[in-house]
Amino acid sequence: MFTKSPTAAAADLSAPTAPAPTVSLASAPEGAPVPHSGGVSNDEFRAALSRLAAGVVLITAHDPDSGAHGEAVGMTATAFVSVSLDPPLVMVSVRNDSRMDDLLAQQPLWAVSVLSEAQRHIAGRFAMKGRISDRLLFEDIPHTTGEATGAPLIGGALANLECRTEQRVTAGDHTLVIGRVLTAATPTEDDGPLTYFRGKYRHLG
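Report follows, based on the coordinates. (Residues numbered from 1 in each chain as written. Predicted model: local features only at pLDDT ≥ 70, side-chain atom pairs only at ≥ 80, totals over all residues. Heavy atoms only, no water.)

## Here we look at the overall build of the protein chain
Summing up its helical and strand segments, the protein chain has 5 helices and 12 strands in all. Per-residue burial for the protein chain yields a buried fraction of 34% across its 205 residues. Put simply, the protein chain shows about 12800 Å² of open surface, and 57% of that area lies on carbon and sulfur atoms. (Helix = DSSP H or I, 4+ residues; strand = E, 2+ residues; numbered from the N terminus. Buried < 20%, exposed > 50% of the residue type's maximum accessible area, 1.4 Å probe, protein only. Areas by Shrake-Rupley, 256 points an atom, 1.4 Å probe, with all protein chains shown as cover.)

## Quick notes on the nonpolar core
Inside soluble globular proteins, nonpolar side chains tend to come together where they are buried. Grouped together as the largest cluster of nonpolar side chains are 19 residues, with contacts concentrated most on Ile59, Val92, Met100, Trp110 and Val112. In contact with Val92, other than residues within four places in its own chain, are Ile59, Met75, Ala77, Ala79, Phe80, Trp110, Thr175, Leu176 and Val177. (Core = buried A, V, L, I, M, F, W, Y, C linked by side-chain atoms within 4.5 Å. Contact = heavy atoms within 4.5 Å.)

## Brief notes about the packing of aromatic side chains
Under the criterion given, the structure shown has 2 aromatic pairs. Measuring from centroid to centroid gives 4.8 Å for Phe126 and Phe138, while their planes differ by 55°, and the two rings are tilted. With a gap of 12 residues between them, Phe126 in helix α4 (residues 120–126) and Phe138 in helix α5 (residues 135–139) connect regions that are remote in the sequence. Judged by relative accessible area, Phe126 falls into the buried class, the value being 2%. (Phe/Tyr/Trp six-rings, centres within 6.5 Å; stacked < 30°, edge-to-face > 60°.)

## Considering the pairing of strand β5 (residues 89–95)
With 6 of 7 residues buried, β5 is to be regarded as a mostly interior element. As defined by bridge partners, strand β4 (residues 80–84) adjoins β5 across 4 bridges and the pair is classed as antiparallel. Paired with Val81 across the strands is Met91, a residue of β5. Two successive antiparallel strands, β4 and β5, enclose a turn made up of 4 residues. (Pairing = 2+ DSSP bridges.)

## Some details on unusual backbone geometry
In the segment running from Asp86 into Pro87, the intervening peptide bond is cis, with an omega of 5°. When you line up the elements, Pro87 lands in the loop between β4 and β5. The backbone of Asp97 sits at a positive phi, close to 70°, despite the residue not being glycine. With respect to the secondary-structure elements, Asp97 resides in the loop between β5 and α3 (99–106). Taking relative accessible area as the criterion, Asp97 reaches 65% and is therefore assigned exposed.

## Topic: the side chain of Asp134
For Asp134, the position within the fold is in the loop between α4 and α5. Look at Asp134 and you get buried, because its relative accessible area is 3%. Not counting residues up to four positions away in its chain, the partners in contact with Asp134 are Glu71, Ala72, Val73, Gly74, Arg99 and Phe126.

## Let's talk about the pattern of salt bridges
Oppositely charged side chains may form a pair once their charged atoms are brought near each other. Evaluation of the coordinates by the stated rule reveals 7 salt bridges. Between Glu71 and Arg135 there is a salt bridge, with its nearest N and O atoms 3.6 Å apart. In this pair, Glu71 is assigned in strand β3 (residues 71–77) and Arg135 in helix α5, connecting sequence segments 64 residues apart. For Arg135, a relative accessible area of 41% puts it in the partly exposed group. With a shortest N-O distance of 2.7 Å, Arg168 and Asp101 are connected by a salt bridge. (Salt bridge = Lys/Arg side-chain N within 4 Å of Asp/Glu carboxyl O.)

## Points about the environment of Val56
Its place among the elements puts Val56 in the loop between β1 (54–55) and β2 (57–63). For Val56, a relative accessible area of 1% puts it in the buried group. Once the C-alpha coordinates of Val56 and Pro193 are considered, the two residues, 137 residues apart in sequence, prove to be 7.9 Å apart. Setting aside residues no more than four positions away along its own chain, Val56 makes contact with Thr76, Ala77, Thr78, Ser113, Val114, Leu115, Ala123, Leu194, Thr195, Tyr196 and Tyr201.

Rendered as structure tokens:
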């Protein structure tokens, strides 16, 4: 832990306190993006981050409390990264109060399928808002059930990972879920990756 010397502390006390920056909402032109206190608006933030190309994955888990035998749940994600090699950790960002967030808050097992460029339809299907059930969405998609997690592993994916949650960190309107990788497989190497750039699914080439 860093501590200040007495001289530094005295200097801090004698220095005038600068007023915190404020944002005048009344001065913003009508229809213009309203910035947060930090000065960047939602539209500006989205536009800047849309220039960062990202891989596309399907996060899956089994909800044991849905129906007689439970139900598989899926969520398309682009905010997915490797965190550590030893131990093997990955992280996904899920929206607060989403079904996946609620489910992973109750049970720690989930899986990741790294989607190929030929699986754009899967990404689009599980990114739809307002759907009632995921059961029908899985019916015509080739998949197996992970032995370690009971979660669907998508056939034809570039890689499949099974994970167990190690830590959950609330970050603004999302939760960062850090999971230890229990199993990892690369069933196919022929296809290129599905990527997301400037608001659209794309492929390399």
